[in-house]
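Observations on the three-dimensional arrangement
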Amino acid sequence: MRSAAPDVSIVIVSWNVRELLRDCLRSIGDETRRRHEIIVVDNDSRDGSAAMVRAAFPRVKLIANQGNHGFAEANNQGMAVATGRHVLLLNPDTLVLDGAIDTMLDWLERHPDVGCVGCQVLETETDVQQTCFRDPGPFNLLLAETGLHRLPGLGRPRYTGWDRQDERDVDVVSGMFMLLPRRVV
């Protein structure tokens, strides 16, 4: 009998971040109750990251690249083997707190019209990281590069002054924590 697909496949791209990756994987295990699989794509780390995953986290699917394939290609490799109903792209320096993955899965499932979701990410205990951005089209790039975005009424390339504790539609969600329904992948 074949088991049902996990609720989420968590894809983590790793390169020479063994201890951060270990902490990330532990936090997922400690804070995630929903059915999940974890896929680590290691980009030829020289610090023993792949060996650590094999030894300490035998249930994690490991893709150990021979050479650094880069962030985008490695995420594509992970998504290609993912079996979950949703896919979470997660950076290896992330600590999952307060059941964040479960909370975001619940939210996404209540909003079937949403194609991608991010969450509040803390840089420190009090500093909120910029995890989403406005359309990076030519106008916003011009504003950002010239500093004109500081002038009143000319728009903003970033969503500044927002603590990410409420819901908003945004143009771009950062790949550090990007949750997608399978249909979008």
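Residues numbered from 1 in each chain as written. Predicted model: local features only at pLDDT ≥ 70, side-chain atom pairs only at ≥ 80, totals over all residues. Heavy atoms only, no water.

**Points about the pairing of strand E3 (residues 61–64)**
- As paired strands, strand E2 (residues 36–42) and E3 are joined by 4 bridges and run parallel to one another. When the bridges of E3 are listed, Val41 appears paired with Ile63.
- With respect to chirality, the unit in which E2 leads through helix H2 (residues 49–56) into the neighbouring parallel E3 is right-handed. (Pairing = 2+ DSSP bridges. Helix = DSSP H or I, 4+ residues; strand = E, 2+ residues; numbered from the N terminus. Right-handed = clockwise from strand over helix to strand, strands pointing away.)

**Re the layout of surface pockets**
- Considered as a void within the structure, the second largest pocket measures approximately 350 Å³ in volume.
- Surrounding the second largest pocket, Leu25, Gly29, His36, Glu37, Ile38, Ala56, Phe57, Pro58, Arg59, Val60 and Lys61 form its lining.
- Among the secondary structure elements, those contributing two or more residues to the lining of the second largest pocket are helix H1 (18–31) and E2.
- With 3 residues, the single largest contributor to the lining of the second largest pocket is E2.
- For the lining of the second largest pocket, a count of residues per class yields 6 nonpolar, 2 polar and 3 charged. (1 Å grid on protein atoms, 1.4 Å probe; cavity = no way out; pocket = protein on both sides within 12 Å on 5 of 7 lines; lining within 4 Å. Points joined across faces, edges and corners; volume = space filled by probe spheres on them. Nonpolar A, V, L, I, M, F, W, Y, C, P; charged D, E, K, R; others polar.)

**Observations regarding the pairing of E2**
- Counting buried positions along E2 gives 6 out of 7 residues, so the element sits mostly inside the fold.
- Pairing of strand E1 (residues 8–14) with E2, which is carried by 7 bridges, proceeds in the parallel orientation. By the bridge assignment for E2, Ser9 is matched with Glu37. (Buried < 20%, exposed > 50% of the residue type's maximum accessible area, 1.4 Å probe, protein only.)

**Let's talk about unusual backbone geometry**
- Even without glycine at this site, Asp44 takes up a positive phi of about 65 degrees.
- Although it is not a glycine, Asp98 sits at a positive phi angle of roughly 50 degrees.
- For Asp98, the location among the structural elements is in the loop between strand E4 (86–90) and helix H4 (100–110).

**Regarding the side chain of Asp42**
- Mapped onto the secondary structure, Asp42 falls in strand E2.
- Arg54 is the oppositely charged side chain nearest to the buried, salt-bridge-free Asp42, at an N-O distance of 7.8 Å.
- A distance of 2.6 Å separates polar atoms of two side chains, one belonging to Asp42 and the other to Ser45.
- In this structure Asp42 touches Ser14, Trp15, Ser49, Ala50, Leu62, Ile63, Ala64 and Asn65, once residues within four positions along its chain are discounted. (Lys, Arg positive; Asp, Glu negative; His and termini not counted. Salt bridge = Lys/Arg side-chain N within 4 Å of Asp/Glu carboxyl O. Polar contact = N/O pair within 3.5 Å; in protein donor to acceptor, adjacent residues only side chain to side chain. Contact = heavy atoms within 4.5 Å.)

**Focus: the sheet that holds E3**
- Taken in spatial order, the 5 strands make up an open sheet running E3-E2-E1-E4-E7, and their pairing is mixed. With one partner strand each, in any of the chains shown, E3 and strand E7 (177–181) form the two edges of the open sheet. Each strand axis lies, on average, 15 degrees off the axis of its neighbour in the sheet, ignoring direction.
- Across the sheet, H2 is in contact with E1, E2 and E3; its angle to E3 comes to roughly 160 degrees.
- This element, H4, spans E1, E4 and E7 of the sheet and lies at about 40 degrees to E7. (Axes fitted to C-alpha atoms, helices over the stretch in contact; angles between N-to-C directions.)

**Things to note about the packing of H1 against H2**
- Where H1 meets H2, the closest approach of the two axes is 9 Å, and the angle between their N-to-C directions is 30 degrees. On the basis of their axis angle, the class for H1 and H2 is roughly parallel. H2 is crossed by H1, and the crossing has right-handed handedness. The segment H1 lies against H2, with Arg18, Leu21, Arg22 and Leu25 engaging Ser49, Met52, Val53 and Ala56.
- Taken together, the residues of the contact of H1 with H2 break down into 5 nonpolar, 1 polar and 2 charged. (Parallel < 35°, antiparallel > 145°, perpendicular 65-115°, else oblique. Left-handed = near helix turned anticlockwise from the far one by under 90°.)

**Structural notes on the environment of Cys116**
- For Cys116, the location among the structural elements is in the loop between H4 and strand E5 (132–133).
- Cys116 sits 64 residues away from Leu180 along the chain, and the two C-alpha atoms are 4.8 Å apart.

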